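Observations on chain architecture
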Amino acid sequence: MVNPSAFYPAPAPPSTPESGKFAKLTYLPFLLKMLANSMMEWPLLRASITSGANTNAKPTLTMRPSADVTLALSTPTGLYTPTISSAQSLSMHSLASCVAHLAHLGRQVPCALTPRDMPRHGGTISMSNVGAIGKGEGASPVLVPGGGVAILGVGRQRFSDEFCPPGASIPGERRLKVDVSWSADHRVVEGTELAAFVETWRGWVENPERLIAEGV
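The structure contained in this document is the topic of the report that follows.

What counts, and where the lines are drawn
Residues numbered from 1 in each chain as written. Predicted model: local features only at pLDDT ≥ 70, side-chain atom pairs only at ≥ 80, totals over all residues. Heavy atoms only, no water. Helix = DSSP H or I, 4+ residues; strand = E, 2+ residues; numbered from the N terminus. Buried < 20%, exposed > 50% of the residue type's maximum accessible area, 1.4 Å probe, protein only. Contact = heavy atoms within 4.5 Å. Areas by Shrake-Rupley, 256 points an atom, 1.4 Å probe, with all protein chains shown as cover. Expected span 1.5 Å × (residues − 1). Axes fitted to C-alpha atoms, helices over the stretch in contact; angles between N-to-C directions. Parallel < 35°, antiparallel > 145°, perpendicular 65-115°, else oblique. Left-handed = near helix turned anticlockwise from the far one by under 90°. Core = buried A, V, L, I, M, F, W, Y, C linked by side-chain atoms within 4.5 Å. Pairing = 2+ DSSP bridges. Patch = residues over 30% accessible without salt bridge, like charges linked within 9 Å, V, L, I, M, F, W, Y side chains within 5 Å. Salt bridge = Lys/Arg side-chain N within 4 Å of Asp/Glu carboxyl O. Arc of directions from axis to C-beta.

**Observations regarding the overall build of the protein**
Within the protein, the secondary structure is distributed over 3 helices and 9 strands. Of all 216 residues assigned to the protein, the portion counted as buried reaches 34%. Sequence separation of 24 or more characterises 61% of the internal contacts of the protein that already satisfy a separation of 6 or more. Here the protein has roughly 13,400 Å² of accessible surface; of this, 58% comes from carbon and sulfur atoms.

**Some remarks on helix H2 (residues 92-107)**
Counted at 1.5 Å a residue, the expected span for H2 with its 16 residues is 22 Å, and the 23 Å between its end C-alpha atoms agrees. Taken as a whole, H2 has its buried residues at Met 92, Leu 95, Ala 96, Ser 97, Val 99, Leu 102, Ala 103, Leu 105 and Gly 106.

**Looking at the packing of helix H1 (residues 27-41) against helix H3 (residues 191-205)**
With their axes 9 Å apart at the nearest point, H1 and H3 run at an angle of 135° to one another. What the angle tells us is that H1 and H3 run oblique. Between H1 and H3 lies a crossing whose hand is right-handed. Contacts from Leu 31, Met 34, Leu 35, Asn 37, Ser 38, Met 39 and Glu 41 in H1 reach Phe 197, Thr 200, Trp 201, Trp 204 and Val 205 in H3.

**Describing the packing of H1 against H2**
One can describe the packing of H1 onto H2 by two numbers: an axis separation of 9 Å at closest approach and a directional angle of 115°. In the crossing of H1 with H2, the sense of the turn from one axis to the other is right-handed. Residues Leu 28, Pro 29, Phe 30, Leu 32 and Lys 33 of H1 form the contact with H2, whose participating residues are Met 92, Leu 95, Ala 96 and Val 99.

**Here we look at the nonpolar core**
Counting 38 residues, the largest nonpolar core has Leu 32, Leu 35, Ile 84, Ile 125, Met 127, Leu 152 and Trp 182 as the members making the most contacts within it. Elements supplying a minimum of two residues to this core: H1, strand S3 (69-71), H2, strand S7 (125-128), strand S8 (150-162), strand S9 (173-184) and H3. Here this core takes 7 residues from H1, the largest share from any one element. Once residues lying within four places of it in the same chain are set aside, the contact partners of Leu 35 are Val 69, Ile 125, Met 127, Leu 152, Trp 182, Phe 197 and Trp 201.

**Some points on the pairing of S7**
Of the two faces of S7, the one carrying Ile 125 and Met 127 and the one carrying Ser 126 and Ser 128 are both buried. Where S3 meets S7, 3 bridges bridge the pair, whose relative direction is parallel. Within S7, the residue paired with Val 69 across the bridge is Ile 125.

**Brief notes about a nonpolar patch on the surface**
Together, Tyr 27, Phe 159 and Leu 176 give the surface a local cluster of nonpolar side chains, amounting to about 320 Å² of exposed area. Summarising the element assignment, Leu 176 is placed in strand S9. Using a relative accessible area of 33% as the deciding quantity, one classes Leu 176 as partly exposed.

**Regarding H3**
With 15 residues, H3 should cover 21 Å at 1.5 Å per step; its first-to-last C-alpha distance of 21 Å lies within 8% of that length. Inspection of H3 places Leu 194, Phe 197, Val 198, Thr 200, Trp 201 and Trp 204 among the buried residues, and these make up the whole buried set. Take H3 and look down its axis: the buried residues cluster within an arc of 155°, on one side only.

**What to know about the pattern of salt bridges**
Under the defined criterion, the tally for this structure stands at 6 salt bridges. Where Asp 68 meets Arg 64, a salt bridge forms, and the shortest distance between an N and an O atom there is 3.1 Å. For the pair Asp 68 and Arg 64, one class covers both residues: buried. The closest approach of N and O atoms between Arg 202 and Glu 199, which form a salt bridge, is 2.6 Å. Remark: Glu 199 and Arg 202 occur in helix H3; sequence separation between them is 3 residues, near one turn of the helix. The class of Arg 202 is partly exposed, set by a relative accessible area of 38%. Overall, the relative accessible area of 44% leaves Glu 199 in the partly exposed class. Among the charged side chains, a salt-bridge network with shared partners connects Glu 199, Arg 202 and Glu 206.

This is a description of form; function is not addressed.
What follows is the structure, given as structure tokens:
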């Protein structure tokens, strides 16, 4: 056996922009990953509505095979909504790098986000991280036409002291809590269905050990 690699060296791996390199893990990639996993359990939350060709035509409901999540990104030049496609297939570190890269592009003046980052079909669920801006613990997100079938606003995290009733054998404990607000398109998702989906997502968030089986 001969080794002609001196004549034909292996190609160098593609370079990763500084904004796309992993920096640190925040709660957002975890929430995104668990949201995507919940969407895979609920096909209805992976649906999108397409308007008819004319005003008399009925809209079409399309079920997608993957979890496409849109992020509400506040930038110096306005609000942009980049989409993370097939979020369920990305690792935690990949999601963290993706979020950091999109945020870096959005902070440029003029905005460096491209149509590839904001595809026309968008995501079926939008996430707004309002807690990262100020001390607000909640919000009332509004779902605009063409913005998917649901939107959630994630408030600021805070520690809460929970005390057990008098006479309880278990002492109180200090817990981290995050307020989350939801809105949905009731043409597609009923209130009870949204509530059940939120419980599925909460089951992932409050039991992160379930991600070990996926290798996160």
